[in-house]
Amino acid sequence: MSESLVLACPQCLALNRVATERLNDNPSCGKCSSAMLPEAPLELTSANYEALVVRSELPIVIDFWASWCGPCKTMGPIFNGVAAEMGTRMRFAKIDTEAQQALAGRFGIRSIPTLMVMKKGQELARQAGVMQAGQLKQWLAPHTV
């Protein structure tokens, strides 16, 4: 029997079981037919955090950022590019620290950009500052499925 992971749909938040060997096949939600692993990073809010981070079993890397932050503007396109490339081995998401102050405060975010890798709601790694694409991929490699 193949290994599978539970993933929450980014649109309707329904939980779906997906075989790990099917992650590259652009799986869709069984309830609403939306893509389970879109190429663009997800926007995390207090409303969808529980389903997308805690109840989902695929590791997720979160970019804590703000629109006024110069380094965040530099990191954004790098993060988006790596998300498009690696988005079937882990989820990519962003938390706007201005709009989601409670989530940022929950993790003690003191500087931005800060990247955090989580799995089932547990923090696995954290890194503050801008990284180039190669550095980011290398940092994420131990956490992918």
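I will try to describe carefully the structure that is included in this document. (Residues numbered from 1 in each chain as written. Predicted model: local features only at pLDDT ≥ 70, side-chain atom pairs only at ≥ 80, totals over all residues. Heavy atoms only, no water.)

## Regarding the pattern of salt bridges
In step 1: Within the structure shown, the criterion is met by four salt bridges.
In step 2: Among the ionic pairs, Arg22 bridges to Asp25, the shortest N-O distance being 3.0 Å. (Salt bridge = Lys/Arg side-chain N within 4 Å of Asp/Glu carboxyl O.)

## Topic: the side chain of Thr114
In step 1: Turning to its location among the elements, Thr114 is positioned in strand β6 (residues 114-119).
In step 2: Reaching out from Thr114, the side chain makes a polar contact with the backbone oxygen of Ser111 at a distance of 2.4 Å.
In step 3: If sequence neighbours within four positions are ignored, Thr114 has contacts with Ile62, Asp63, Phe64, Ile109, Arg126, Gln127 and Ala128. (Helix = DSSP H or I, 4+ residues; strand = E, 2+ residues; numbered from the N terminus. Polar contact = N/O pair within 3.5 Å; in protein donor to acceptor, adjacent residues only side chain to side chain. Contact = heavy atoms within 4.5 Å.)

## What about helix α2 (residues 70-86)?
In step 1: For α2, with 17 residues, the first-to-last C-alpha span of 25 Å sits near the 24 Å given by 1.5 Å per residue.
In step 2: Taken as a whole, α2 carries its principal kink of about 25° at Gly76; the proline Pro77 stands between one and four residues after it. (Expected span 1.5 Å × (residues − 1). Bend = angle between axes of the 7 residues up to and from the residue.)

## Overview of the packing of α2 against helix α4 (residues 133-140)
To characterise two packed helices, one gives the angle between the axes of the helices and the distance between these axes.
In step 1: Interhelical geometry of α2 versus α4 gives an angle of 50° and a closest axis separation of 10 Å. Looking at the two axes, α2 sits oblique to α4. Handedness of the crossing formed by α2 with α4: right-handed. Residues Met75, Ile78, Phe79, Val82, Glu85 and Met86 of α2 touch α4, and the partners they reach there are Ala133, Leu136, Lys137 and Leu140.
In step 2: Class assignment of the residues belonging to the contact of α2 with α4 gives a composition of eight nonpolar, no polar and two charged. (Axes fitted to C-alpha atoms, helices over the stretch in contact; angles between N-to-C directions. Parallel < 35°, antiparallel > 145°, perpendicular 65-115°, else oblique. Left-handed = near helix turned anticlockwise from the far one by under 90°. Nonpolar A, V, L, I, M, F, W, Y, C, P; charged D, E, K, R; others polar.)

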